[in-house]
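Structural characterization, general
Here are the chains, one letter per residue:
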Amino acid sequence: MATRFRTPGLVGELAAEFAGTMILILFGVGVVAQVAAAEIGDHDSIAWAWGLGVTLGVYVAARVSGAHLNPAVTIALAVFKGFSWRKVAPYSIAQFLGAFVAALLVRWNYTEVLRAADPGLTIKTQGVFSTLPGNGTLPVGEWGAFRDQIIGTAILLFVILALTDMNNTAPAANLGPVVIGLLVVAIGMAWGTNAGYAINPARDFGPRLASFLTGYEGAFRDQTGYLYFWIPIVGPIIGGIVGAGLYQTLIGRFLPSDSPQEPGEIPTRTEENVEVRRG
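Residues numbered from 1 in each chain as written. Predicted model: local features only at pLDDT ≥ 70, side-chain atom pairs only at ≥ 80, totals over all residues. Heavy atoms only, no water.

1. Regarding the overall build of the chain
Threshold: Elements are defined by DSSP. Helices are runs of H or I of four residues or more, strands are runs of E of two residues or more, and each kind is numbered from the N terminus. For every residue, the accessible area obtained with a 1.4 Å probe (protein chains only) is divided by the maximum for its type, and the residue is called buried under 20%, exposed over 50%, and partly exposed between those limits. By the convention used here, residues are in contact when the closest approach between their heavy atoms is within 4.5 Å. For accessible areas, the Shrake-Rupley method is used with a probe of radius 1.4 Å. Any residue's cover is judged against the shown protein chains and nothing else.
Per the secondary structure count, the chain includes 11 helices and zero strands. Overall, the chain shows an N-to-C arrangement of helices and strands of α-α-α-α-α-α-α-α-α-α-α. Buried positions account for 48% of the 279 residues belonging to the chain. In the chain, 79% of the contacts between residues at least 6 apart in sequence involve partners at least 24 apart. A total accessible area of about 13200 Å² is found for the chain, and carbon and sulfur atoms account for 64% of it.

2. Notes on the confidence of the model for the chain
Applicable threshold: A score from 0 to 100, pLDDT tells how confident the predictor is in each residue.
Per-residue pLDDT for the chain averages 92, and the proportion of residues at 70 or more is 90%. Of the regions scoring below 50 in pLDDT, residues 266–279 engages in 15 contacts with residues more than four places distant in sequence or in other chains.

3. As for the nonpolar core
Stated formally: For our purposes a nonpolar core is just a set of buried Ala, Val, Leu, Ile, Met, Phe, Trp, Tyr and Cys residues, chained together by side-chain atoms within 4.5 Å.
Core analysis: the biggest nonpolar cluster contains 56 residues, and W50, F129 and L156 have the highest contact counts within it. Listed by contribution, the elements that provide at least two residues to this core are α1 (10–38), α2 (43–65), α3 (71–80), α4 (88–109), α5 (111–117), α7 (142–164), α8 (176–190) and α10 (231–250). Considering every element that reaches this core, the biggest residue donor is α1, with 10 residues. Leave out the neighbours within four places in its chain, and W50 touches L24, I25, G28, V29, V32, V184, Y197 and R203. By size, the runner-up hydrophobic cluster in this structure holds five residues, among which are A145, A195, Y228 and I231.

4. Description of α8
Using the following cut-off: One less than the number of residues in a helix, times 1.5 Å, gives the span that helix is expected to have.
Compared with the 21 Å implied by 1.5 Å per residue over 15 residues, the 21 Å span of α8 between its first and last C-alpha is a close match. Residues of α8 that are buried include every one of G176, P177, I180, G181, L183, V184, V185, I187 and G188, and no others. Looking at the buried side of α8, the elements it contacts are α2 and α7.

5. Here we look at the packing of α1 against α2
As a reminder, the rule being used: In this analysis, axes come from line fits to C-alpha atoms, helices being fitted only over the stretch in contact, and the angle between any two N-to-C directions falls in the range 0 to 180 degrees. What sets the label is the angle itself: under 35 degrees gives roughly parallel, over 145 gives roughly antiparallel, 65 to 115 gives roughly perpendicular, and the rest give oblique. Three classes are used, and their members are as follows: Ala, Val, Leu, Ile, Met, Phe, Trp, Tyr, Cys and Pro are nonpolar, Asp, Glu, Lys and Arg are charged, and the others, Gly among them, are polar.
Running from N to C, α1 and α2 point in directions that differ by 170°, and their axes come no closer than 8 Å. It follows from the interaxial angle that α1 and α2 lie roughly antiparallel. Residues that form the contact of α1 with α2 fall into these classes: 18 nonpolar, seven polar and two charged.

6. Examining the packing of aromatic side chains
Here is the rule we go by: Here a pair means two rings of Phe, Tyr or Trp (six-membered ring of Trp) with centres within 6.5 Å. Their orientation is stacked below 30 degrees between planes, edge-to-face above 60, and tilted elsewhere.
Tallied over the full model, the rule gives 11 aromatic pairs. Measuring from centroid to centroid gives 6.3 Å for F205 and F229, while their planes differ by 45°, and the two rings are tilted. With F205 in helix α9 (residues 201–213) and F229 in the loop between α9 and α10, the pair connects residues that are 24 residues apart, well separated along the chain. Ring geometry for F212 versus F220: centroids 5.1 Å apart, planes at 65°, classification edge-to-face. Feature note: the residues F96, F205, F212, F220 and F229 constitute an aromatic cluster, connected by ring pairs.

7. Some remarks on the pattern of salt bridges
Using the following cut-off: Salt bridge, as applied in this entry: a Lys or Arg side-chain nitrogen positioned within 4 Å of an Asp or Glu carboxyl oxygen.
Scanning the model with the defined rule gives two salt bridges in all. Across the pair K87 and E13 runs a salt bridge whose closest N-O atoms are separated by 3.0 Å. Here K87 is found in the loop between α3 and α4, whereas its partner E13 is found in helix α1, with 74 residues between them in sequence. Taken as a pair, K87 and E13 share a single burial class, namely buried. Its salt-bridge partner being D204, residue R208 comes within 2.7 Å of it at the nearest N-O pair. In this pair, R208 and D204 are both assigned in helix α9, four residues apart and thus about one turn of the helix distant. Take R208 and D204: they sit in the same class, and that class is buried.

8. Digging into the packing of α3 against α10
Inclusion rule: Each crossing is labelled by how the near helix is turned from the far one, with a counterclockwise turn of less than a right angle marking it left-handed and a clockwise turn marking it right-handed.
Look at α3 against α10: their axes get within 8 Å of each other, and the N-to-C directions meet at 40°. Here α3 lies oblique to α10, going by the angle between them. Seen from above, α3 lies across α10 with right-handed handedness. Taking contact as the criterion, the partners of A72, I75, A76, V79 and F80 in α3 are, on α10, P236, I237, G240, I241, A244, G245 and Q248. Classifying every residue of the contact of α3 with α10 gives nine nonpolar, three polar and no charged.

9. Comments concerning the side chain of N200
Structurally, N200 can be placed in the loop between α8 and α9. Judged by relative accessible area, N200 falls into the buried class, the value being 5%. Setting aside its immediate chain neighbours within four residues, N200 contacts L24, L69, N70, P71, P232 and P236.

Pasting the structure below:
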């Protein structure tokens, strides 16, 4: 009897984006809470945990939704790769909600150590949940952080498109998520100074809102009092479009194309794959 495969509907795709983003934030925000509040670990452990969180989140969601996990990715794929514009807002909302719920779980779990390290829930531990210019201490202004977010997210999208383009030398043996995770580790280690490498509007705004609702009254502002929350939203969206556009201009249009597969497209099984599974 032939095996039947169903293509997931929009509800399934949104559930996958929610779950994948939640896994990403559980590891990412969780490690920052551990380092900032308990002084266990350092910058490198933060970079590695964020990268591993991305890898695991992609493995969770990739088969169902393409594992965007980032509105900047979703929008860039809609602009350049034919991803359906009608799905952009639902995907982005699912990503924000996944990040929000995960941050609430981290906030709840680390309640005691956060209060002990920062009884007033101030700027001292606000960076556990959301990014700040110069990580809250270094002499970086808001526009420097905005520039940084454009550049960092451009790098992210440029390389993601290279890694997921089947006409290029994409990682084989289902190792794509691992390499994308390493990309995030590299960005964290090389581009984390000026703005904490949010490079993802959902990653920043979801936890920022969660922290605001649980006692961080200054969550939407930076250390100078500036209403900073919009920078890690707008900067990554612009940067994602720039990075994807540069990939298309410099690399994508020159690649041979027999049967193109769009990044972000839900994978499909060929008849050959079905026969292998039957056998």
